[in-house]
Amino acid sequence: MSELHGKTIIITGSSRGVGADTAQILAEQGANIVINYRSKAPRAEKIVAAIEEKGGKAIAVGADITNEDDARNLVDTAVQEFGGVDYLILNASGGMEKGMVEDYAMILNRDSQLRLARLTAEHMPEGSRIVFVTSHQAHFIREVETMEEYTPVALSKRAGEDALLEEIPALQEKGISLVVISADMIEGTVTASLLNRLHPGALEARREEAGKLYTVNEFAHEVAKMVTADVETGHTELVGGGAGFIK
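Everything in this summary refers to the structure shown in the same document. (Residues numbered from 1 in each chain as written. Predicted model: local features only at pLDDT ≥ 70, side-chain atom pairs only at ≥ 80, totals over all residues. Heavy atoms only, no water.)

What to know about the side chain of Thr8
Okay, so step 1: Positionally, Thr8 belongs in strand β1 (residues 8-11).
Okay, so step 2: You can call Thr8 buried: its relative accessible area is 1%.
Okay, so step 3: A distance of 3.3 Å separates polar atoms of two side chains, one belonging to Thr8 and the other to Asn32.
Okay, so step 4: What Thr8 contacts, discounting residues up to four positions off in sequence, is Asn32, Val34, Phe82, Gly84, Val85, Asp86 and Tyr87. (Helix = DSSP H or I, 4+ residues; strand = E, 2+ residues; numbered from the N terminus. Buried < 20%, exposed > 50% of the residue type's maximum accessible area, 1.4 Å probe, protein only. Polar contact = N/O pair within 3.5 Å; in protein donor to acceptor, adjacent residues only side chain to side chain. Contact = heavy atoms within 4.5 Å.)

Given below as structure tokens:
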């Protein structure tokens, strides 16, 4: 029996892409999955249905994590449905959307990540873990420049990572670990596709320099592994290495 059997995992931004694939991978290991979405309920329910068809357990909870009441309801619903929360995967991110409030990237990628981590930690038992999902473009933004359009997002995600790392002492008091997982540009993601449209050839250039770019599903498997990986709190997993970023 998997060590995740019966454990409850909240995955933000999990109605599509890496989050959705991660949810299904972990559900197959016996975990209770909380699918979080901001506005696309049918898409989230489709993931729930796919998990249930294979005998897994999942629920979909609509929550804009930039809204404190929504974030609190996300956690409370998980607790009410499954009795607690054992793992939190902070996968949701953004900042390139149009029509959002000023500093939206920082609100979403730093402030909301930290708040949700704190809200969830109130219900997590000793031995639990928080996984923060990021990109090399964000993780290394202070050392290596990225495309101009993505810079505000990268800076805000790095700020979110730093804020969570600073929270480690408080999490350790509760017996909760924190790990960071970072990947290069991911084939098939919305962000990679958008940046490649703005800068034709950018994806191919990164692929050549890195040697390989992971697909959505390949990266999702790496994220799933970090939930129970035998690493110390504060560990950063660089998926695929860091060619072009590590000097």
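Having put the structure on the table, let's press on.
Thoughts on the environment of Asn196
Okay, so step 1: Here Asn196 shows up in helix α8 (residues 190-198).
Okay, so step 2: What makes Asn196 partly exposed here is its relative accessible area of 24%.

Thoughts on empty space enclosed by the protein
Okay, so step 1: Inspection of the entire model under this criterion finds one cavity of 30 Å³ or more.
Okay, so step 2: Asp184, Lys212, Tyr214, Val239 and Gly240 are, among the 14 residues lining the largest cavity, the residues nearest its centre.
Okay, so step 3: The class makeup of the residues in the lining of the largest cavity is eight nonpolar, three polar and three charged. (1 Å grid on protein atoms, 1.4 Å probe; cavity = no way out; pocket = protein on both sides within 12 Å on 5 of 7 lines; lining within 4 Å. Points joined across faces, edges and corners; volume = space filled by probe spheres on them. Nonpolar A, V, L, I, M, F, W, Y, C, P; charged D, E, K, R; others polar.)

What to know about the packing of aromatic side chains
A ring pair, where both rings are aromatic, is described by two values, the distance of the centres and the angle of the planes.
Okay, so step 1: Going through the model one piece at a time under the given rule, you end up with one aromatic pair.
Okay, so step 2: Measuring from centroid to centroid gives 5.5 Å for Phe140 and Phe245, while their planes differ by 25 degrees, and the two rings are stacked. Of this pair, Phe140 sits in the loop between α5 (136-139) and α6 (151-166) while Phe245 sits in the segment after β7 (236-239), and the two are 105 residues apart along the sequence. In terms of burial, Phe140 and Phe245 fall into one category: buried.
Okay, so step 3: For Lys212, the ring lying beneath its charged end belongs to Tyr214, and the centroid distance is 5.0 Å. (Phe/Tyr/Trp six-rings, centres within 6.5 Å; stacked < 30°, edge-to-face > 60°. Lys NZ or Arg CZ within 6 Å of the ring centre and 35° of its normal.)

Points about the environment of Thr151
Okay, so step 1: Mapped onto the elements, Thr151 comes out in helix α6.
Okay, so step 2: Along the sequence, Thr151 and Glu204 sit 53 residues apart, while their C-alpha atoms lie 20 Å from each other.

A few points about the pattern of salt bridges
Charged atoms that come close allow side chains of opposite charge to pair.
Okay, so step 1: Under the counting rule described, the total for this entry stands at eleven salt bridges.
Okay, so step 2: Note that Arg110 and Asp111 form a salt bridge whose closest N and O atoms lie 2.6 Å from each other.
Okay, so step 3: The exposure class assigned to Arg110 is partly exposed, which follows from its relative accessible area of 32%.
Okay, so step 4: Here Asp111 falls in the partly exposed class, since its relative accessible area comes to 34%.
Okay, so step 5: A salt bridge links Glu218 to Lys212, with the shortest nitrogen-to-oxygen separation between them at 3.1 Å.
Okay, so step 6: One salt-bridge network, in which partners are shared between bridges, spans Arg142, Arg158, Glu161 and Asp162. (Salt bridge = Lys/Arg side-chain N within 4 Å of Asp/Glu carboxyl O.)

Notes on the sheet that holds strand β5 (residues 129-135)
Okay, so step 1: Spatially, the seven strands line up as an open sheet ordered β3-β2-β1-β4-β5-β6-β7, and their pairing is parallel. A strand with exactly one partner marks an edge of an open sheet, and here the two such strands are β3 (57-62) and β7. Taken over all neighbouring pairs, the strand axes of this sheet differ in orientation by 20 degrees on average, direction set aside.
Okay, so step 2: The sheet contact formed by strand β4 (residues 87-90) and β5 spans four bridges and is parallel. Note on β5: the bridge partner recorded for Tyr87 is Arg129.
Okay, so step 3: Relative to the sheet, helix α3 (residues 68-82) contacts β1, β2 (32-37) and β3, its axis offset from that of β3 by approximately 155 degrees.
Okay, so step 4: Strands in contact with helix α10 (residues 216-228) are β1, β4, β5, β6 (177-183) and β7; relative to β5, the strand with the most contacts, it is inclined by about 150 degrees. (Pairing = 2+ DSSP bridges. Axes fitted to C-alpha atoms, helices over the stretch in contact; angles between N-to-C directions.)

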